[in-house]
Amino acid sequence: MRRCFVCLADTLAPTRRHIVYADGRQRVFPIVCASCGVVFEEEADHGTCRTHLVQALAGPTFNLAPEAPYGLDVYTLRTAATALGRGIRTLCEADRAALLRPHSERAGRGEVYDLASARPGKVSLGLLCRPGDLDAVLGGLAGHAAWTSDVAILVDAPGRPPAPASIAGFPAGAVRIAARPLGGDFAAQRNALQDLARSPWMLQLDADEDLPPTVADLLPALVDLAEDGEILSIGLPRHNRVDGVLSDVHPDVQYRLARAGLRYRGRVHERPDLGGDWRRSFIALHGAIEHRLSRAHVAARSRRYEAMDPGRGRPEEEEALLRPYRP
């Protein structure tokens, strides 16, 4: 198995993780996905593991069986369930403690429900763009009206752009435009955009990114799931398509759904500042951000980032971005 059967990351590594089952039995697994935390045997088959997981999540409760060809705690179970549009609620205080303190040896279990049935939280949409991208950004807003009623656009410019005309599906005043020079600091720009949110949470996208409506519709339900788990930030996979071809930099998780008060850090390749506690975040797998790139942009991207923040531009990523996806 080259990639994780849960999250498709290629971050598999050796481990000695123990899983302790409800009947007291224990099992040691030799392989772990460093991205989502699922563990499995070296000879495990991707399709077999995936089929077993799908079937186990089809009912009203999930109890990790000792004979399952993989192991996971409730923290990883929550992420795995989102890939099927499902949520997890803990069944007892011991399970909740395991959820908040991953990765537990306690075998994952929980009540399973459809995310679409959850009580939705409120989410703002934040968009970063350059002046030349503003018309295209405004033209793409109509598809987001089903899941958000608050949109903030921050333009990389010194002056205030004109107020937008009415946008189909949005009430008057729901779409707002502000301006601020990027100044070579992506985290500062994202923090300024966070401050424009009128909702408790904000999803941030760049002008060359989009989130399909079927994916965006479940964002409020993910927020509800996060509120129950004391989460500050949710990561979404990103499909990097270079001239239309899916890149091998995959799933390229981007932590763009965050509480409005959360700060980002890093002049380039910025991430939410969780105070060093990664457990205050999780990955959702029900869909992905679509990222449109050209080969010319990829060739210039890392060098530009390296000039903005020496040593952190990831010039080695250029080759991987230009390489087609390998299953």
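Everything that follows concerns the structure shown earlier in this document.
Residues numbered from 1 in each chain as written. Predicted model: local features only at pLDDT ≥ 70, side-chain atom pairs only at ≥ 80, totals over all residues. Heavy atoms only, no water.

A.B. asks: Sorry if this is basic, but what is going on with the overall build of the protein here?
C.D. replies: Counting its regular elements, the protein contains nine helices and 20 strands. The C-alpha atoms of the protein give 20 Å as radius of gyration, which agrees with the globular expectation for 327 residues (20 Å, within 12%). Counting only C-alpha atoms, the protein reaches 65 × 40 × 35 Å along its principal axes. Across the 327 residues that make up the protein, the buried fraction comes to 53%. Contacts in the protein between residues at least 24 apart in sequence constitute 69% of all its contacts with a sequence separation of at least 6. Roughly 14400 Å² of accessible area belongs to the protein as shown, and the carbon and sulfur atoms make up 51% of that amount. Taken together, the 41 basic and 41 acidic charged side chains of the protein have centroids lying 3 Å from each other. (Helix = DSSP H or I, 4+ residues; strand = E, 2+ residues; numbered from the N terminus. Rg over C-alpha atoms; globule rule 2.2 N^0.38 Å. Buried < 20%, exposed > 50% of the residue type's maximum accessible area, 1.4 Å probe, protein only. Contact = heavy atoms within 4.5 Å. Areas by Shrake-Rupley, 256 points an atom, 1.4 Å probe, with all protein chains shown as cover. Lys, Arg positive; Asp, Glu negative; His and termini not counted. Charge placed at Lys NZ, Arg CZ, Asp CG, Glu CD.)

A.B. asks: How should the pattern of salt bridges be read in this particular structure?
C.D. replies: Two side chains bearing opposite charge may form a pair once their charged atoms approach each other closely. Tallying each qualifying case throughout the model produces 26 salt bridges. Here R109 and D95 are joined by a salt bridge, their closest N and O atoms 2.6 Å apart. Taken as a pair, R109 in strand β7 (residues 109-114) and D95 in helix α3 (residues 93-100) lie far apart in primary sequence, 14 residues in all. Classification of D95 as buried rests on a relative accessible area of 2%. Residue E290 pairs with R241 through a salt bridge whose shortest N-O separation is 2.7 Å. Here E290 is found in strand β20 (residues 289-293), whereas its partner R241 is found in strand β14 (residues 238-242), with 49 residues between them in sequence. Judged by its relative accessible area of 23%, E290 falls in the partly exposed class. Members of the salt-bridge network, linked through shared partners, are R190, D206, E209, R238, D252, R256 and E270. (Salt bridge = Lys/Arg side-chain N within 4 Å of Asp/Glu carboxyl O.)

A.B. asks: What exactly am I supposed to notice about unusual backbone geometry here?
C.D. replies: Leave glycine aside and you will find that most residues have negative phi; peptide bonds, for their part, are mostly trans. With an omega of -5°, the peptide bond between P102 and H103 qualifies as cis. One can find H103 in the loop between α3 and β7. In this structure, P251 follows H250 across a cis peptide bond, with omega equal to 10°. Structurally, the position occupied by P251 is in the loop between β15 (245-246) and β16 (254-259). Within the chain, L8 stands out as a residue other than glycine whose phi angle is a positive 70°. According to the relative accessible area criterion, L8 is partly exposed, its value standing at 32%.

A.B. asks: When you look at the environment of E230 in this model, what are you seeing that I'm missing?
C.D. replies: Relative to the helices and strands, E230 is located in the loop between α7 (219-228) and β13 (233-236). Along the sequence, E230 and L257 sit 27 residues apart, while their C-alpha atoms lie 14 Å from each other. In this view, E230 contacts R96, L100 and R280; residues no more than four positions away in its chain are not counted.

A.B. asks: Explain the packing of aromatic side chains here, please?
C.D. replies: The geometry of an aromatic ring pair is captured by two quantities: the separation of the ring centres and the angle between the planes. Enumeration over the complete set of coordinates arrives at three aromatic pairs. Ring centres 5.7 Å apart and planes at 85° place the aromatic pair Y75 and W278 in the edge-to-face group. Linking Y75 in helix α2 (residues 74-82) with W278 in the loop between β18 (271-272) and β19 (281-283), this pair joins segments that are 203 residues apart in sequence. With a relative accessible area of 6%, Y75 lands in the buried category. Here W278 falls in the partly exposed class, since its relative accessible area comes to 42%. Joined through ring pairs, the aromatic side chains of F5, F40 and Y70 make up one cluster. One Lys or Arg, R89, reaches over the ring of Y113 and ends 3.8 Å from the middle of that ring. (Phe/Tyr/Trp six-rings, centres within 6.5 Å; stacked < 30°, edge-to-face > 60°. Lys NZ or Arg CZ within 6 Å of the ring centre and 35° of its normal.)

A.B. asks: For this particular structure, what's the right way to read the pairing of β20?
C.D. replies: Successive residues of a regular strand alternate their side chains across the two faces of the sheet. On β20, burial follows the alternation: I289, H291 and L293 on one face are buried, whereas E290 and R292 on the facing-out side are not. Pairing of strand β12 (residues 209-210) with β20 involves two bridges; the strand directions are antiparallel. Residue pairing in the sheet places D210 in a bridge with E290 of β20. (Pairing = 2+ DSSP bridges.)

A.B. asks: Looking at this structure, I do not really get the sheet that holds strand β2 (residues 26-33). What am I missing?
C.D. replies: Across the sheet, four strands lie side by side as β1-β2-β3-β5; this open sheet has antiparallel pairing. In this open sheet, the two edge strands, each paired with only one partner strand, are β1 (12-20) and β5 (70-71). Two strands pair when backbone bridges link them, and β1 and β2 are joined in this way by seven bridges, in the antiparallel orientation. Counterpart to P14 in the pairing with β2 is I31.

A.B. asks: In this structure, what is going on with the environment of Y113? I would like to understand it.
C.D. replies: Within the secondary structure layout, Y113 lies in strand β7. With a relative accessible area of 7%, Y113 lands in the buried category. Placed 56 residues apart in sequence, Y113 and L57 show a C-alpha to C-alpha distance of 9.2 Å.

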